[in-house]
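Architecture and fold: a report
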Amino acid sequence: MARSQPRVTQVDPVWERMTTEAEQAIRDEPLLGGQIHSALLHHPSIENALAYRVAMKLSNSEMSEQLLREICDEAYAADPSLAQAARADIVATYERDPACHRFLQPLLYFKGFQAVQAYRISHWLYTEGRRDLAYFFQMRASEMFGVDIHPAARIGQGIMIDHAHSIVIGETAVVGNNVSMLHSVTLGGTGKEEEDRHPKIDDGVLIGAGAKVLGNIRIGHCSRIAAGSVVLEEVPPCKTVAGVPAKIVGEAGCDQPSMSMDHLFGGPATKA
């Protein structure tokens with residue numbers, strides 16, 4: 001007699017924590033029960049919840065929520081790395097943003113996280129050759145969140161964009177893993193070049209509020225860019241740059257500046 005194989009249950013710690021937090025949030029604030037059920041508890045997986053949230057945010061009279069949800073569901077089913085990156089982004093936001101106290105907050109309330117997930121769908125569409133649809137996602141994310149990320153840009157996982165207003169990331173920009181940036185950051189070009197013209201941000205970089213990084217230059221891993229700086233030249237790894245134009249003013253000050261979120265020169269790690 002054939003022996004039946006035991007069924008292996010998939011474990012998703014991030015999703016399990018989010019649903020537990022959602023149940024507690026409803027107990028704490030019953031008036032939000034409908035929203036939290038629709039956004040989280042109604043869904044069997046984080047992929048479904050992400051698809052729903054992105055579709056809800058980007059839908060308008062030109063593109064219905066149902067149609068956008070089908071597109072997002074298709075993307076998450078075709079490329080599991082999209083949801084894996086979203087999990088890493090949630091954990092990154094929780095660990096680095098002192099205003100984030102629960103895993104469910106980025107999905108429900110933080111436009112930086114939501115904008116990055118919309119970008120991830122648009123990038124998948126772009127690489128699949130569905131470029132007009134990718135541009136639609138870019139347009140709606142820019143209109144809804146004030147975050148304009150070209151769908152051709154390449155962005156890693158574990159990304160935290162704090163406050164996330166007026167972020168611009170250009171077409172040929174590359175952002176590595178575990179990068180943190182604050183509002184009004186621009187990763188832009190310096191003119192009308194049509195080739196590779198945008199910055200390459202290595203892993204673990206911290207970019208302060210209002211910083212502008214311009215041109216096809218590399219920002220070395222675990223470096224810091226001070227708030228308000230204009231970076232026009234390459235930055236070696238593990239350095240701090242500041243000023244207009246930015247100059248090296250010292251070492252990064254710690255092994256992982258994007259994790260510590262330390263913006264002070266020579267001071268202890270601080271949280272904004």
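Residues numbered from 1 in each chain as written. Predicted model: local features only at pLDDT ≥ 70, side-chain atom pairs only at ≥ 80, totals over all residues. Heavy atoms only, no water.

1. As for the overall build of the protein chain
Counting its regular elements, the protein chain contains nine helices and 15 strands. At 20 Å, the protein chain has a C-alpha radius of gyration in line with the 19 Å of a compact globule built from 272 residues. Taking the principal axes of the C-alpha coordinates as reference, the protein chain spans close to 70 × 50 × 45 Å. For the protein chain, the proportion of its 272 residues judged to be buried stands at 49%. Expressed as a percentage of contacts within the protein chain between residues at least 6 apart in sequence, the contacts between residues at least 24 apart total 46%. (Helix = DSSP H or I, 4+ residues; strand = E, 2+ residues; numbered from the N terminus. Rg over C-alpha atoms; globule rule 2.2 N^0.38 Å. Buried < 20%, exposed > 50% of the residue type's maximum accessible area, 1.4 Å probe, protein only. Contact = heavy atoms within 4.5 Å.)

2. Some remarks on the confidence of the model for the protein chain
Looking at the protein chain as a whole, its pLDDT mean stands at 93, while 93% of the residues score no less than 70. Within the model, pLDDT remains below 50 along residues 268-272, and this stretch shows ten contacts once partners closer than five positions in the same chain are excluded. (pLDDT = per-residue confidence, 0-100.)

3. Observations regarding the sheet that holds strand β15 (residues 247-251)
Taken together, six strands build an open sheet; the order of strands is β3-β6-β9-β12-β14-β15 and the sheet is mixed. Whereas interior strands pair on both sides, the edge strands pair on one side only; in this sheet they are β3 (160-161) and β15. Here two bridges tie strand β6 (residues 180-181) to strand β9 (residues 206-207), and the two strands are oriented parallel to one another. Looking at β9, one finds that Ser180 is bridged to Leu206. (Pairing = 2+ DSSP bridges.)

4. Looking at the sheet that holds strand β2 (residues 154-155)
The sheet built from four strands is open, its strands ordered β2-β5-β8-β11 with parallel pairing. Where the open sheet ends on each side, the last strands, each with one partner, are β2 and β11 (218-219). As paired strands, β2 and strand β5 (residues 174-175) are joined by two bridges and run parallel to one another. Counted as the bridge partner of Arg154 is Val174 from β5.

5. Let's talk about the environment of Gln66
Within the fold, Gln66 resides in helix α4 (residues 65-78). The class for Gln66 is exposed, based on a relative accessible area of 59%. Distance from Gln66 to Met56, taken between C-alpha atoms, is 8.8 Å for residues ten residues apart in sequence.

6. Concerning the side chain of Asp97
Within the secondary structure, Asp97 sits in the loop between α5 (81-96) and α6 (104-109). For Asp97, the contacting residues outside a window of four places in its chain are Ala92, Phe110, Met160 and Asp162.

7. Topic: empty space enclosed by the protein
Tallied over the entire structure, the rule returns three cavities of 30 Å³ or more. In this structure, the largest cavity occupies an estimated 60 Å³ of space. Lining the largest cavity are Ala115, Ala118, Tyr119, Ser122, Phe137, Gln138, Ala141, Ser142, Val147, Asp148 and Ile149. Every element with two or more residues in the lining of the largest cavity is listed here: α7 (111-127), α8 (131-145) and β1 (147-149). (1 Å grid on protein atoms, 1.4 Å probe; cavity = no way out; pocket = protein on both sides within 12 Å on 5 of 7 lines; lining within 4 Å. Points joined across faces, edges and corners; volume = space filled by probe spheres on them.)

8. With respect to the packing of helix α3 (residues 46-58) against α8
The angle between the axes and the distance between the axes are what describe a pair of packed helices. For the pair α3 and α8, interaxial distance at closest approach is 9 Å and the crossing angle is 75°. One element, α3, and the other, α8, form an angle in the roughly perpendicular class. The residues of α8 that touch α3, namely those facing Val54, Lys57 and Leu58, are Phe137, Arg140, Ala141, Met144 and Phe145. In terms of residue class, the contact of α3 with α8 is built from six nonpolar, no polar and two charged. (Axes fitted to C-alpha atoms, helices over the stretch in contact; angles between N-to-C directions. Parallel < 35°, antiparallel > 145°, perpendicular 65-115°, else oblique. Nonpolar A, V, L, I, M, F, W, Y, C, P; charged D, E, K, R; others polar.)

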